[in-house]
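# Coordinate analysis (summary)
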Amino acid sequence: MKFDTPAGANPTDRMQVLGKPLDRYEARLKTTGTATYAYEYKDVAPNAAYGYILGAAIAKGRITAIDTTLTEAAPGVIGVVTYRNAGKPGVGKFYVQKMLAAPEVDHYHQPVAVVVAETFEQARAASALIRVDYARTDGRYDLAAQKGSAPVPPQGEFGGPNEKRVGDFEPAFAAAAVKVDETYTVPDQAHAMMEPHATIAKWDGERVTCWTSIQQMNWGTRDLGLILGIPKANVRLISPFIGGGFGGKGTVQMDLALAAISARVVGRPVKIALQRPIMFNTTIHRPKTIQRVMLGAGRDGRLTAIGHESWSGNLPGGRTEPTVASTRTFYAGPNRLTRMRLATLDLAEGNAMRAPGEAPGLMALEIAMDELAEKLGMDPVQLRVVNDTQVDPEDPSKPFSTRPFIQCLREGAEQFGWDRRNAKPGQVREGRWLIGMGMAGAIRAGKIAKSGARARLDGKGIITIEADMTDIGTGSYTVVQQTAAEMMGVAPDSIVVKLGDSTFPETPGSGGQQGAPSVTAGVYAACVKLREAVAQRLGFNSAEVDFSDGRVKSGNRSVPLADAAKGGDLLVEDVMEFDKLKDQFQQQTFGAHFAEVAVDAYTGVVRVRRALAVCAAGRILNAKTARSQVIGGITMGIGAALMEEMAIDQRFGFFVNHDLAGYEVPVHADVPHLDAFFIDEVDPTISPVKAKGVGELGLTGVAPAIANAIYNATGVRVREYPITLDKHLEGLPAIA
Amino acid sequence: MRLFTYERAKTPAEAARAVAGQPGAKFLAGGTNLIDLMKLEIETPTHLVDVQDLKLDRIEQTGEGGLKIGALVSNTALASDARVRRDYGVLARAIVAGASGQLRNKATTAGNLLQRTRCPYFYDTNMPCNKRKPGSGCAAIAGYSRQLAVIGASDQCIATHPGDMAVALRVLDATVETVNAAGEPRAIPIADFHRLPGATPHIDTNLAPGELITAVTLPRPLGGRHVYEKVRDRASYAFALVSVAAVIQWDGTGRVAFGGVAHKPWRIEAAEAAMPQGAAAVTTSLFADAKPTHDNAFKVPLATRTLAAVIAEGNAA
Ligand SMILES: Cc1cc2nc3c(=O)[nH]c(=O)nc-3n(C[C@H](O)[C@H](O)[C@H](O)COP(=O)(O)OP(=O)(O)OC[C@H]3O[C@@H](n4cnc5c(N)ncnc54)[C@H](O)[C@@H]3O)c2cc1C
Ligand code: SF4
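In this text, all values refer to a predicted model and were calculated from it rather than measured experimentally.

Residues and elements named next belong to chain B. Spatial ordering of the open sheet is given by S1-S3-S2, a layout of three strands whose pairing is parallel. Whereas interior strands pair on both sides, the edge strands pair on one side only; in this sheet they are strand S1 (5-8) and strand S2 (25-28). Pairs of neighbouring strands in the sheet enclose a mean axial angle of 25°, with direction left out of account. When S2 meets strand S3 (residues 47-50), the two strands line up parallel, connected through four bridges.

The following block contains the structure:
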C-alpha cells in the first residue's frame, strides 16, 4: 500500500481499542520473569559455549604480541579468537567501529580477544591469562583541544547538511537589540540500559542464527552480513524481548559480531554478553558536544537572528552529532546560521542515543532561550509563543503537518501552576531549600518509514500478526495488538502478536521514535488486505463491509469473522510505503516541559520536586504506554541534567567511570511525581493511523527545563552539564 | 576469578587459624564486596574461610552500659535494632544512607568496616594503582579524582574509605574486638583501626594477617542529637562526596566526623571545641592540612557547608 495523500476517515478513527490504556501484551511474561532474553535461551543451543571478551588495555596504538598459550591450556577452554584467526571482519553501514583490534587499537577496551570455554567462569578466568604487548601511541581524547582544527564535514546520511544559512545571520545578530551568545557543554553519555548486549550465535553451514538483543532487524542482518562477509539472506536474528536499548543496540555491536565470529572459529554455538565494565568504552555512546548558541531578538522578543554552532568528535569516519537539527525547525526568525564541526577523537564511537541531535541540541538552545527571556524581561513561555511558526522557518513553502506547540505551552503552564513562578532568581526559599521553576520547549522529528506486516486469520477467529519490529520496553507488542484489533473489529485478546524475528516482514525497528508509527501503518496495510480477503471469502462487497464485535456485517447480513477461515487460514502480507508527503510537510512532534527543583542552600544538592510534560505526537495509540515513554524520558532527562557524564581520563584516553557504580543514572529517590499529558490531535499526513512517535520526544527538552529551574532557584547559571553541586556551590548564599 | 578453595569455620579461633595458616586466605562474610572484587581479579584469594557459622550475629548489652555488636550482625539488623535507633541514632542513619536494602541485608558489620575503596582506577586492572598493585603508581592523583581524598592522603594514594557506618562508629568512639590465630583477643579503638595510605596504601587497616573481627563495641550512649548527613550526586545508592556524622548536645557542644574525604573517617577531637562557634571554626582546623586535587577541591567548602547545615538544623529544632 502506498501512502501519498493525507488520510481520510478509516477504521482506526473508531478508537474503541486504540488509544485505550491497555496493559502490555507481554506484561504477564515480564512480571513473572518468563520473557526469555537473549542470553537466557537454553534449548536453542544446548551445547553453546561461553565467550568472554578481553578489552584492550590501551586507547591508541597497536598490539605487538599476543600470547595465548596459558589461556589455551586453561581448564575448559575451547578456543581463543583474535584478529589472527577471526578472518577479516568487515564493518557495518551504521557504526564505524571495528569489532576487533586487528592489530591496531582504535579505542580503549576495543576487543582484543574472545576466550571461548565450557563455562562462563572458565572463560573469564582464562581471559586473565592472555599476555598482550602493546605499542602505545598518542591519541586525541579532548574535544575542547581538538575544537580549533575540526572541519565542517561533508553531509552524511543523517542530520542534513553540516552548515546552513538562511538570510544574513551576522549583520542581523550584530544589529539585534537583545542578544545571547553563550557556549554550553553536554558530556559524553552512556545508554546504560539494564540488559547488556548479549547474543547466542549458531551456525548451520553457511547460515547463522543469532538470538540477540538488537533494535533494528533490517540493519542488523545487513550489518552482520557485511561483518561476516556473507549475504544478508544467510543471517537470521531473533530478538523478541529487549531489556532496554535507548539506541545503544541500534544495529550490530560486539556481542553479536564476536559471538558469530567465535562460533564460526570454534565450530560450536557461542554465547556472549558484554561485561558491564567494558560496555562503556567498547560500544557506542552519545558523544560530547560543545555548542555555541547566538540569539538576537527585538525588544518584542521576536528572534531576528538564530545561530547555533556545534562541535563533536568521533572515530575517523564516524558521524556528527546532529545537535542543530532542532534549531533549524523550532523557532521563527529570518536570519539563521547552523553549523556543525567534527573532530577526530580516539574514544569509543559516538552514535545514536535516544533523540540524537535534538536531546543535546535543545539542552543548549533551550537554556539560551531562558537567558534571552530574562534579558528581555519576558516570560519564557511567552517568548516561545511569540516565536512560534506554522511553517518551516528555513522553507516557508513547507507547513508543519501539525504544530500545537503553543497549546502544549499554555496547557503545561496552566496545569503546572507556572504563574506562581517568581521570575527573579534566587528568591524563593523553604527552610534550607532554594526553590525554582523552569521550562523548556521540545521538538523531535516525527519520522516514519516503510514497514511491512503479515496477518493470518484462523478458524477460531484468532488473528496473528507478524513483523520484524522489536519491543525494547516501549510497548510495540501492545500497539500492534490494538491496531489490529481496531482494524478487524475484534477484542484485543483475539490478536496474537509475533515480533523480533528477521524472517518476519521488514519494519524499520525501534529507533528514531519511528517504530510505533511505522509498524502500525504496516499492520494497517496488512489488515486492509485481510479485510478484503475476508469479505471476498464471505461473498461481501468489500466497499460496504463493517468489521465489528468479531463479526463481518453488511446490510442485514452479519457473519462471524472466524467463518472466513473455515475453509483454511487466510494469510496476507503487505508493506506500507511512504511518498511525497514527507517532503510536502514538516512532520515533527512537540512538547513543553516544566520542572520544579529544590536546591540545598548549604550543600548545593539538587532534587527535582515535580515535573510535567505536555506532548503532541499525533494520535496516541495507547494512553498508558505513551505516558510511560514520556515519564521514562523525564527520568532520563533528570539523569542528563543532574548526574550523567562519562568522565574522560585525558592521559590514558578512556571513560573512567565505566560501570553502573561510577556512571550514575537516576534511582527511585531521584524521581518525584511526574505528569504527562497529550494534546488530542491526529496527523493525517503521517500515515492512515495518524500517529507519530513519543519515545524520544519525552526526553527532549527535559534537561534544559531542569537547568532553567535550577537557575531560577539559585541565580547561578551553569552551562556545563551535568549540573552537579560543585558547579554552583560558590554562588550559593554564604553560610552563617 | 581465580580458582580458590572454601571452608566453613566453626569457631572464631579456628577461623583465624585457618586464615593465618595459609598465605592468600581470606575471611568471607556477606561477600558483597569481596566476591565483586574477586570477579574482577582485584582480590585473588586462594582460600576462603566462611565465617557465617560463627554465631557472631547478636547485639548485646555490655556491663558498661554500651552495646556489643557481633561481627556478623547484618547492616539491616543493626540499623533496625531498637536500642541502636534510640541511643545511637547516628549509626542507624549512617547505615541506611548506604548501599541498598538488598545489600544491607547481606552486608555484615565486620565486612562493612573492611570494604575497600571505590577509587575507579582501583577497579580497572589495566591502570596503575599502588593499592591494588604496590609499586605500580597511582593513576588517580593526576587523573579523575572527583570522589577521592582531600586530606590525609599521600603521593602514593588518594583513595578514601568509602563507607558510611565507620564514620558513625568513629564519632561514637567504638572499639573493634578481634581474635587472632592463637585465640588472643584484642581491642582496637576505631580511631586506630583504619590507616592513612602513606607509603603502604595496599594496607587498609591495622588488623594483623588472620586477625578476625568478632565484635564492635559501643560505649555508653552520648545523648544529644544524632545526625548523619550524606551529600552525593544522586539521592540514593551512591557513595558520599562528603558525609558528616555528628552528635550535638543541647548546649551546642558536640562531636563530628567526616566521611568521603580521607582514607579513614576524619575526626580530630581537638577541633570539636569550636563547635559552638559554628562550622567554619571547626573545619578550619579539621581541614587545615587539606591537599585537594583540581577535581575535588569543592569538597573542602562542601564539608564546611554540610556541617553548617547540620548545626543550623539543630538550632532550628
Ligand atoms: C553496589 C554497592 C553499593 C554500596 N554502597 C555503599 C554505601 O553507600 N555505603 C557503604 O558504607 N557501603 C556501601 N557498599 C558496601 C557494602 O556496605 C559492603 O559491601 C558491605 O558492608 C561488606 O560486607 P560483607 O559482609 O558483604 O563483606 P565481605 O564482602 O564478605 O567482606 C569484605 C572484607 O571483609 C573481610 N571480612 C569479613 N568479615 C570479617 C571478619 N569477621 N573479620 C575480619 N575480616 C572480615 C573479608 O575478608 C573481606 O576482605 C556498597 C556495596 C555495593 C556492592
Ligand atoms: S588513589 Fe589509591 S586506589 Fe586510587 S589509583 Fe591511586 S593508589 Fe590506587
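All names here are of chain A. Read across the sheet, three strands follow the order S5-S3-S7 without closing on themselves; strand pairing throughout is antiparallel. On the outer flanks of this sheet lie strand S5 (104-105) and strand S7 (131-136), each paired with one strand and no other. As paired elements, strand S3 (residues 61-67) and S7 share six bridges and run antiparallel to each other. If you follow glycine 61 over to S7, its bridge partner there is arginine 136.

Take the packing of helix H16 (residues 623-642) of chain A against helix H17 (residues 702-714) of chain A next. All names here are of chain A. Between H16 and H17, whose axes approach to 7 Å, the crossing angle comes to 55°. Judged by the angle between their axes, H16 and H17 are oblique. Crossing handedness for the pair H16 and H17: right-handed. Here Gly633, Ile634, Gly637, Ile638, Ala640, Ala641 and Leu642 of H16 come into contact with H17, specifically with Val702, Ala703, Ile706 and Ile710.

Quick look at the interface of chain A and chain B now. Contact with chain A, which involves 35 residues of that partner, is made by 34 residues of chain B. Interface of chain A and chain B: buried area, both sides summed, is about 3,100 Å²; carbon and sulfur atoms make up 59% of it. Along the contact surface separating chain A from chain B lie three salt bridges. Here B:Glu229 ties to A:Arg432 by a salt bridge, and the two come within 3.0 Å at their closest N and O atoms. Inspection of the region where chain A meets chain B yields twelve residue pairs in polar contact (both at pLDDT 80 or more).

Quick notes on the rules
- Within each chain, residue numbers correspond to sequence positions counted from 1 in written order.
- Going through the entries in the order they are written, you letter the chains from A and number the ligands from 1.
- Local features are withheld for residues below a pLDDT of 70 in this predicted model, meaning they are given only at 70 or higher, and side-chain atom pairs are given and counted only at 80 or more; totals for whole chains, interfaces and linings count all residues.
- Each side-chain value is worked out from all heavy atoms of the structure, with water and hydrogens disregarded.
- Between any two strands, pairing holds if DSSP finds at least two bridges.
- Helix and strand assignments follow DSSP, with helices taken as H or I runs no shorter than four residues and strands as E runs no shorter than two, numbered in order from the N terminus.
- Lines fitted to the C-alpha atoms define the axes, with helices restricted to the stretch that makes contact. Angles between their N-to-C directions range from 0 to 180 degrees.
- An angle below 35 degrees is read as roughly parallel, one above 145 as roughly antiparallel, one from 65 to 115 as roughly perpendicular, and any other as oblique.
- Should the near helix be turned counterclockwise from the far one by less than a right angle, the crossing is left-handed, whereas a clockwise turn marks it as right-handed.
- Should any heavy atoms of two residues lie within 4.5 Å, those residues are counted as being in contact.
- Defined in terms of a 1.4 Å probe, buried area is the accessible area two parts forfeit on being brought together, summed over both.
- By definition here, a salt bridge exists when the distance from a side-chain nitrogen of Lys or Arg to a carboxyl oxygen of Asp or Glu is within 4 Å.
- Any N or O atom pair separated by 3.5 Å or less is treated as a polar contact, with the protein-specific requirement of one donor-capable and one acceptor-capable atom, and with residues adjacent in sequence counted only for side-chain atom pairs.

None of the figures reported here should be taken as evidence of function without further support.
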